[in-house]
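Descriptive analysis of the structure
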Amino acid sequence: MFKRILAAVDGSKTSLKALDKAIELQRLIPDAEIFIICVYKHHSLFEASLSIGRPDDMDIPDKVLSDYAKEVVNHAKEFAKEHGATKVRGFVKAGRPSKVIVKFAQEKEADLIVVGTKGTNSDKDGMFLGSVSHRVASQAKCPVLVV
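Residues numbered from 1 in each chain as written. Predicted model: local features only at pLDDT ≥ 70, side-chain atom pairs only at ≥ 80, totals over all residues. Heavy atoms only, no water.

1. Focus on the pattern of salt bridges
- For the coordinates displayed, the defined rule picks out 6 salt bridges.
- Put simply, Lys3 and Asp31 hold a salt bridge, and the shortest N to O gap is 2.7 Å. Taken together, the residues Lys3 in the segment before β1 (4–8) and Asp31 in the loop between α1 (13–28) and β2 (33–40) connect sequence positions 28 residues apart.
- Accessibility expressed as a relative area gives 40% for Lys3, which makes it partly exposed.
- The salt bridge partner of Glu33 is Arg89, with a shortest N-O separation of 3.5 Å. (Salt bridge = Lys/Arg side-chain N within 4 Å of Asp/Glu carboxyl O. Helix = DSSP H or I, 4+ residues; strand = E, 2+ residues; numbered from the N terminus. Buried < 20%, exposed > 50% of the residue type's maximum accessible area, 1.4 Å probe, protein only.)

2. Digging into the packing of aromatic side chains
- Taken as a whole and judged by the stated rule, the model has 2 aromatic pairs.
- Where Phe35 meets Phe91, the ring centres are 5.8 Å apart and the plane angle is 75°; that geometry is what we call edge-to-face. Of this pair, Phe35 sits in strand β2 while Phe91 sits in strand β3 (residues 88–94); the two residues are 56 residues apart in sequence, bridging distant segments of the chain.
- By relative accessible area, Phe35 is classed as buried at 3%.
- In this structure Phe91 comes out as buried when scored by relative accessible area, which is 15%.
- An aromatic cluster of three or more residues is present, and its members are Phe35, Phe91 and Phe104. (Phe/Tyr/Trp six-rings, centres within 6.5 Å; stacked < 30°, edge-to-face > 60°.)

This is the structure in structure tokens:
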């Protein structure tokens, strides 16, 4: 059965629905652990320098994105605990979300990955599976639950 459940979150409503499913599964398997991961896309200083005009106090994009990802994970951990989750750990990683999620699942020996159908950057008409969830589902070595 599922001992290590990886829930990928990005702050979207669908990622919270996915986290909610991970919490439901943990209730069925009390000794299961939930790993919450938020992955932000790395931006180089070169990319940041391409802006035509920048304020003097501009933060480096990676720092801003990392801070936001930490907020997302902390919110998700609080949400999980408020909804009855017991063993919850949070992680923030940089990189291409689908690759990082799949690699992290392998490193942590996750038995299941839970993702939302669409994240914060998906099309808005609701006709397609999000690109991240699609790639995770097709590349993961363990089962993937798309919520």
